Amino acid sequence: MRNKLTYTLLAGALLLAAAPLWAHHAFEAEFDQNKPVTLAGKVTGMEWINPHSWIHIDVAGPDGTVTNWMIECGSPNIMLRRGFTKHSLEVGTEISVKGYQAKNGTNRANGSSITFKDGRKLFVGGSNPDIPDDKK
Amino acid sequence: MNLRFVGRPFVAAAGFQPPKLAIFLTLTTALVFAQSYTPPKTPWGDPDLQGVWPGNMGVPMQRPAMFGERTTLTDEEFAKKQEQARKQAQADSESTAASDTRVGIGPPSYWNERGKPTRQASLIVDPPNGRLPPLTPEAEHYRKEAKLPGEWRGKADSWEDLNIYYRCITRGLMGSVIPVVYNNGNQIIQAPGYVVFRNEMIHESRVIPLDGRPHVSPAIHLYMGDSRGHWEGNTLVVETTNFTDKDAIGSNGAGYPGDPGYHSDQLKVIEKFTRTGAKALEYRATVIDPKTWTKPWTILLELARDDNYQILEYACHEGNYAMSDILSGARAAEPRR
């Protein structure tokens, strides 16, 4: 019984220790939870920069007007180790993104979910270095 | 030598059931082995510490109180931790597929490095309970007055409302080494009379002279301090002084609960780098700041060399779109005049 309690506590303690507190920027200060956006368009470029990478896409509105949006991603090193390469998202690739627009009203959004036209998700199937070696 | 560390697993082992004895013996063997490891020499005769030694996110800064003075996990605890890491990795992968239903303004979980689980119970190894010593009354008072990490959010009247990490200035000496959720690369490069300690986060390269020259004038205060190194046997000892009081150790929480927070300009850090194997390096840093903490405290990082790790340039300023977004976002939220 005591052991069980101990391990429950331990599990809690370890989970707490592993709780992700994002290090560099406060997303709620940058993005507006009241401005969800769904964007579909063609990739026009990718900035592999720190502290965060950005995907650029051209999005056509209902009236045909094209606007360029920037989608925030993780740091280049994280992206690389997740299996993302410069060939993963070539210029012209059609993607759709769900995220939240920047509070300043510009065409910038975070991109929690990025989907290819055929339904594949970005990052799925990439290498996952976080899995312990003996579990790979 | 690190006699205190050698002694601690014994104390810990005494209070527990097997297989702790096995751990104790393993640890003892490892330590004896570590102490007997002779690193290769550079062409000019210094112990060779060179290589890329990435930090590991898998160890908490402060030890959960239930571990007491025990520095290492038991087999069972370690197995549990590995299982949690496996589940976390799976959840991270699945979150990419499931994220349509859980889109939020925060970053997706798969942006994070999780680190590899190890048996080490906490980065802090001294005090023996693995927890930060009490603050001085002065520092306690300052922390009550100062904005807590996160409290500035929503207030961004000036860039100065954002801490120096957000502003891409630095994470300071300790914060640059303490592993966080991404970009934990460290590299050691040596030249005759110098050691360079390079940290990927956020593009620091400390050039440490070994020639015994004195520190700069006490009137000079530097974000990364003023470092001087010397060899004690095969251990590189680096003493750093002349800090500013504008930085925090593990500033911005650094991904750990129990943010060690701001230090004073009286901070002194003593780092010890010891190769303990062909691919193993022990990094200890003792924080001495009598204006902030009532006692010195020490962290231990067990670093593993990774020749495949690629340190990428962290050109933080030019990529820091978030800075202008946060400030202009706060302006956009202001009532119209």
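In this text the structure is predicted, and so the values were computed from the model without any measurement. Numbers given to residues run from 1 along each chain, matching the order in which its sequence is written. Here every chain gets a letter starting at A, and every ligand a number starting at 1, in the order they are written. Totals for whole chains, interfaces and linings use every residue, but because this is a predicted model, local features are given only for residues with pLDDT of at least 70 and side-chain atom pairs only at 80 or more, for both listing and counting.

A.B. asks: What exactly am I supposed to notice about the overall build of chain B here?
C.D. replies: The helix and strand tally for chain B stands at 7 helices and 12 strands. Expressed as a percentage of its 337 residues, the buried residues of chain B come to 38%. Counting from the N terminus, the helices are DSSP H or I runs at least four residues long and the strands are E runs at least two residues long. With C-beta atoms placed from the backbone, a residue counts as buried when 20 or more other C-beta atoms lie within 10 Å of its own, as exposed when 12 or fewer do, and as partly exposed for counts between those limits.

A.B. asks: I'm lost on the overall build of chain A in this one. Help?
C.D. replies: Scanning chain A from terminus to terminus reveals 3 helices and 6 strands. For chain A, the N- to C-terminal ordering of α and β elements is α-α-β-β-β-α-β-β-β. Every one of the 136 residues in chain A was classed for burial, and the buried ones make up 37%.

A.B. asks: I would appreciate a short explanation of the sheet that holds strand β12 (residues 297-304) of chain B in the present structure.
C.D. replies: By definition, the strands of a sheet pair up through backbone hydrogen bonds, in either a parallel or an antiparallel sense. Residue and element names in this part refer to chain B. Two strands are counted as paired when DSSP detects at least two bridges linking them. Here we have 6 strands laid out as an open sheet, ordered β2-β12-β11-β10-β7-β6, and antiparallel in their pairing. Two strands close off the open sheet at either side, each with one partner strand: β2 (124-126) and β6 (226-232). The sheet shows a mean angle of 25° between the axes of neighbouring strands, taken without regard to direction. One ladder, built from 9 bridges, connects strand β10 (residues 268-277) with strand β11 (residues 280-288); its direction is antiparallel. If you follow Glu271 over to β11, its bridge partner there is Ala285. Every axis corresponds to a line fitted to the C-alpha atoms, with the helix fit spanning only the stretch in contact, and the corresponding angles, defined between N-to-C directions, vary from 0 to 180 degrees.

A.B. asks: Looking at this structure, I do not really get the pairing of strand β7 (residues 235-241) of chain B. What am I missing?
C.D. replies: Two faces, one strand: in a regular strand the side chains alternate between the faces of the sheet. Residues and elements named next belong to chain B. Pairing of β6 with β7, which is carried by 7 bridges, proceeds in the antiparallel orientation. Looking at the pairing, Ser227 lines up with Thr240 of β7. Counted between consecutive antiparallel strands, the loop separating β6 from β7 contains 2 residues, among which Gly233 sits at a positive phi close to 65°. In this sheet, β10 lies alongside β7 in antiparallel orientation, the contact comprising 6 bridges. Residue Val237 lies in a different strand from β10, and its bridge partner there is Lys272.

A.B. asks: Help me understand the sheet that holds strand β1 (residues 51-52) of chain B, please; the structure alone is not making it clear to me.
C.D. replies: Residue and element names in this part refer to chain B. Ordered in space as β1-β3-β4-β5, the 4 strands form an open sheet in which the pairing is antiparallel. Taken across any chain shown, the strands that pair with only one partner, and hence form the sheet edges, are β1 and β5 (204-209). With 6 bridges joining them, strand β4 (residues 194-199) and β5 adopt antiparallel strand pairing. Bridge assignment links Phe197 to a residue of β5, and that residue is Arg206.

A.B. asks: Looking at this model, I keep getting lost on the confidence of the model for chain A. Mind explaining?
C.D. replies: Predicted coordinates in regions of low pLDDT should not be interpreted in detail. All names here are of chain A. Here chain A averages 75 in pLDDT, while 71% of its residues score no lower than 70. In the predicted structure, residues 1-23 sits below a pLDDT of 50 and forms 32 contacts with residues beyond four places in sequence or in another chain. For every residue, the predictor assigns a confidence score, pLDDT, that lies between 0 and 100. Here contacts are defined at the residue level, using C-beta atoms placed from the backbone and a cut-off of 7 Å between them. Scored below 50 in pLDDT, residues 124-136 makes 22 contacts in the model with residues more than four places away or belonging to other chains.

A.B. asks: Any chance you could explain unusual backbone geometry here in plain terms?
C.D. replies: Here the bond from Asn50(A) into Pro51(A) is cis, since omega is 0°, no more than 30 degrees from zero. In this structure, Pro51(A) sits in the loop between β1 (31-47) and β2 (54-60). Its identity as a non-glycine residue notwithstanding, Asn242(B) has a phi of 65°, on the positive side. Along the polypeptide, Asn242(B) turns up in the loop between β7 and β8 (248-249).

A.B. asks: Quick question: what am I supposed to make of the nonpolar core here?
C.D. replies: As a rule of thumb, nonpolar side chains are buried together in soluble globular proteins. Under the definition applied here, buried Ala, Val, Leu, Ile, Met, Phe, Trp, Tyr and Cys residues are grouped into a nonpolar core through C-beta atoms within 7 Å. Membership of the largest hydrophobic core comes to 65 residues, with the highest contact counts inside it found for Ile71(A), Ala109(A), Ile124(B), Met174(B) and Ala285(B). Among residues more than four places away in sequence, those in contact with Ile71(A) are Trp54(A), Ile55(A), Ile57(A), Val97(A), Gly99(A), Ala109(A) and Gly111(A). In this structure, Tyr165(B), Tyr166(B), Tyr321(B) and Ala322(B) belong to the second largest nonpolar core, which totals 11 residues.

A.B. asks: I'm lost on the confidence of the model for chain B in this one. Help?
C.D. replies: Residues and elements named next belong to chain B. Looking at chain B, the pLDDT average stands at 82 and 79% of residues meet or exceed 70. Considering only residues more than four positions removed or in separate chains, one finds that residues 1-21, a stretch of pLDDT under 50, has 23 contacts. Both scores are given for the predicted complex: the pTM is 0.80, the ipTM 0.74.

A.B. asks: For this particular structure, what's the right way to read helix α7 (residues 321-332) of chain B?
C.D. replies: Side chains that are three or four residues apart share a direction in an α-helix, a result of its 3.6 residues per turn. Between its first and last C-alpha, α7(B) extends 16 Å over 12 residues, near the 16 Å set by a 1.5 Å rise per residue. Here α7(B) has its buried residues at Tyr321(B), Ala322(B), Met323(B), Asp325(B), Ile326(B), Gly329(B) and Ala330(B). On its buried face, α7(B) is in contact with α2 (27-30), β4 (94-102) and β5 (108-110) of chain A together with α6 (316-319) of chain B. Take the residue count of a helix, subtract one, and multiply by 1.5 Å to get its expected span.

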